[in-house]
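Coordinate inspection notes
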Amino acid sequence: MTTTPIRVLIADDQMMVRQGFTVLLDAEPGIEVVGQAVDGLDALAKVADLAPDVVLMDIRMPGLGGIEATRRLTASPDAAAKVLVLTTFDLDEYVYEALRAGASGFLLKDASAAELAHAVRVVAGGEALLAPAVTKRLIAEFSRVTRSARAPLKGRAGDLTERETEVLALIAQGLSNAEIAERLVVAEQTVKTHVSRILVKLGLRDRTQAAVHAYETGLVRPAGPWTP
């Protein structure tokens, strides 16, 4: 049985970055680079033309930057392409804004070939690239800096059940479905069901936005999970 390869578009204004990532990803089984874009506008056009599964999106590009391009790409509920943000610095303020705009995660430009391929596969599979500690630190830091004082989530998302609220807090801490299942002593499929219901109830696109939402509404804070 032949598996359809993950189609990747690389958007970066630096030719060496585009070509380097293309070489690395084309050498990976099950991944195919279908195109390159030199800026945000070019990325939007290439996505419409090539229909990639994942877009590796540089944040800082001339003209239309990666944040606005990400926002436009993910604006539609039917948007198929997942965005994986590329950055040089792990505590880049713009990375947080890109996550809020709809990116599914981020990756440092000095990532190894294995890390790059893993990130593409994770994002293509519908997961958020939130496991690395640096990502959790980034979200925590910039949600603390940018959010105004808000009521705790308990008073703002009454549609969530107690268990769904618990699952959302664990998502924000970077746990995978398997890790959440182990923590709560439930089946992994049960966790997947909870995650799906959380996204629907809160009107969120994916786990990344769920994590950002949890930080912004006070369910999870840099010091730890929120408690009543």
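Procedures and definitions
Residues numbered from 1 in each chain as written. Predicted model: local features only at pLDDT ≥ 70, side-chain atom pairs only at ≥ 80, totals over all residues. Heavy atoms only, no water. Axes fitted to C-alpha atoms, helices over the stretch in contact; angles between N-to-C directions. Helix = DSSP H or I, 4+ residues; strand = E, 2+ residues; numbered from the N terminus. Parallel < 35°, antiparallel > 145°, perpendicular 65-115°, else oblique. Left-handed = near helix turned anticlockwise from the far one by under 90°. Contact = heavy atoms within 4.5 Å. Nonpolar A, V, L, I, M, F, W, Y, C, P; charged D, E, K, R; others polar. Pairing = 2+ DSSP bridges. Buried < 20%, exposed > 50% of the residue type's maximum accessible area, 1.4 Å probe, protein only.

**Quick look at the packing of helix H7 (residues 162-172) against helix H8 (residues 177-184)**
At a minimum axis distance of 10 Å, the contact between H7 and H8 shows a crossing angle of 130 degrees. Of the possible angle classes, the one that applies to H7 and H8 is oblique. As H7 packs across H8, the resulting crossing turns out to be right-handed. Taking contact as the criterion, the partners of Arg163, Glu166, Val167, Leu170 and Ile171 in H7 are, on H8, Ile180, Arg183 and Leu184. Of the residues assigned to the contact of H7 with H8, the class counts are 5 nonpolar, no polar and 3 charged.

**A word on the sheet that holds strand S2 (residues 31-37)**
What the 5 strands build is an open sheet, ordered S2-S1-S3-S4-S5; its pairing is parallel. Edge positions in the sheet fall to S2 and strand S5 (105-108), since each of these pairs with one other strand and no more. Geometrically, the sheet is characterised by an average inter-axis angle of 25 degrees between neighbouring strands, direction not taken into account. Direction of pairing for strand S4 (residues 82-87) relative to S5: parallel, over a ladder of 4 bridges.

**Describing H7**
Burial of H7 is extensive: 8 of the 11 residues sit out of reach of the surface. The set of residues buried in H7 consists of Glu164, Thr165, Val167, Leu168, Ala169, Leu170, Ile171 and Ala172. Gly174 sits one or two positions beyond H7 and adopts a positive phi of about 90 degrees.

By themselves these figures say nothing about function.
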